[in-house]
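Coordinate inspection notes
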Amino acid sequence: MTNKRGFDQNGYALIPGLYSGEEVDLLLRHYMAMHERESAAENQDLNDTSTVSGADPLVKWPRLMQMHRRDATSLNWLLDPRLNHVLSDLMGISPYAVQTMMYFKPAGARGQALHQDNFYLRVSPGTCIAAWLALDDCDTENGCLQVVPGSHQWPILCTVPADTSTSFTDVTVALAEGHHAVNVPMKAGDVLFFNGQLVHGSLPNQTANRFRRSLIAHYIAGEAEQVYKWYKPALRFDGTEVDIGTSERGGTCGTWVTRNGAPVLEIVGEEPNDTILGRH
Ligand SMILES: O=C(O)CCC(=O)C(=O)O
């Protein structure tokens, strides 16, 4: 059963075992084969670790992006009625699907610094929502997801430089005193649904030999009028395309200031740059 109350309160809801072990195995085989095929097509020598960049495990195992635009298995997963059921329950309306991503995160790989998904998707009005399916057991050692409970109530925060020795993305958001990211350990087959304003990310995979693979989808609320251009076309759950507007760059973001001794978010104007916006 969906924990809508927890979702409204904390910004995320975990559905344990939404996918069976057999389904997880099939998906893993599918995406490992896709990785081999697409790397070979790019003439990448997967065993070459002789260069400096070759020492970064993510050079060999980059994220796969927007696979549903070229792959039926990914499209079927993105539009899985089970996901629609939970999403509709959490959002109160059937959403539109806009993105798929596959993270391999092998041993030694960096994580992704804390961020809000709607910084990238720029959905308005409203926000986006993620479905994050664990394809391996995820824990502190292999860099499970981290979330800041309650941060879905915040506006889009202004970004600051990230520590790129632990994050493959180069911007992050600052947390005021009293707010912390908490680990979300998951079993393979569990799905974490989270609000697009929720601050989340992950730390490096510190294991010697374990992957932390995950399949991720992003949706926007069925009443949204605009999304950033990289996420179009938006799809209904029957696969048909939605006629939706394109969000402009720019806008405001929140920054922490101290008022009467307590941290509060102050809204300031900022023009996010195009490169950053496209990098989710
Ligand atoms: O899987 C991760 O490590 C981070 C994923 C993430 O932040 C996202 O999907 O927005």
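This write-up is about the structure you can find in this document.

1. Let's talk about the overall build of the chain
- Looking only at helices and strands, the chain has seven helices and 18 strands in total.
- Taken over the C-alpha trace, the chain has a radius of gyration of 18 Å; the compact-globule value for 280 residues is 19 Å, and the two agree within 12%.
- Viewed in the frame of its principal axes, the chain has a C-alpha envelope of about 55 × 45 × 35 Å.
- When contacts within the chain are restricted to residue pairs at least 6 apart in sequence, long-range pairs at least 24 apart make up 80% of them.

2. Observations concerning the site of the ligand
- Taken together, the neighbourhood of the ligand is formed by Tyr-103, Gly-111, Gln-112, Asp-117, Ala-130, Leu-145, His-200, Gly-201, Ser-202, Ser-214 and Ile-216.
- Residue assignment for the shell around the ligand shows that the elements contributing at least two residues are β11 (200–202) and β12 (214–220).
- Ranked by residues supplied to the shell around the ligand, first place goes to β11 with three residues.
- The residue makeup of the shell around the ligand, split by class, is four nonpolar, six polar and one charged.

3. Description of the environment of Gly-143
- Position of Gly-143 among the secondary structure elements: in the loop between β5 (128–134) and β6 (145–147).
- In this structure, the C-alpha to C-alpha distance between Gly-143 and Leu-198, residues 55 residues apart in sequence, is 18 Å.
- Every residue in contact with Gly-143, bar those within four places of it in the chain, is listed here: Lys-105, Gly-111, Ser-202, Leu-203, Pro-204, Asn-205 and Arg-212.

4. A look at the sheet that holds strand β4 (residues 112–115)
- If you trace the four strands from one edge of the open sheet to the other, you get β4-β11-β6-β9, paired in antiparallel fashion. Each edge of the open sheet is held by one strand with a lone partner, namely β4 and β9 (182–184). Between one strand axis and the next, the sheet turns by 30 degrees as a mean value, whatever way the strands run.
- Relative to β9, β6 runs antiparallel, the two sharing three bridges. Within β9, the residue paired with Gln-146 across the bridge is Asn-183.

Quick notes on the rules
Residues numbered from 1 in each chain as written. Predicted model: local features only at pLDDT ≥ 70, side-chain atom pairs only at ≥ 80, totals over all residues. Helix = DSSP H or I, 4+ residues; strand = E, 2+ residues; numbered from the N terminus. Rg over C-alpha atoms; globule rule 2.2 N^0.38 Å. Contact = placed C-beta atoms within 7 Å. Near = placed C-beta within 6 Å. Nonpolar A, V, L, I, M, F, W, Y, C, P; charged D, E, K, R; others polar. Pairing = 2+ DSSP bridges. Axes fitted to C-alpha atoms, helices over the stretch in contact; angles between N-to-C directions.

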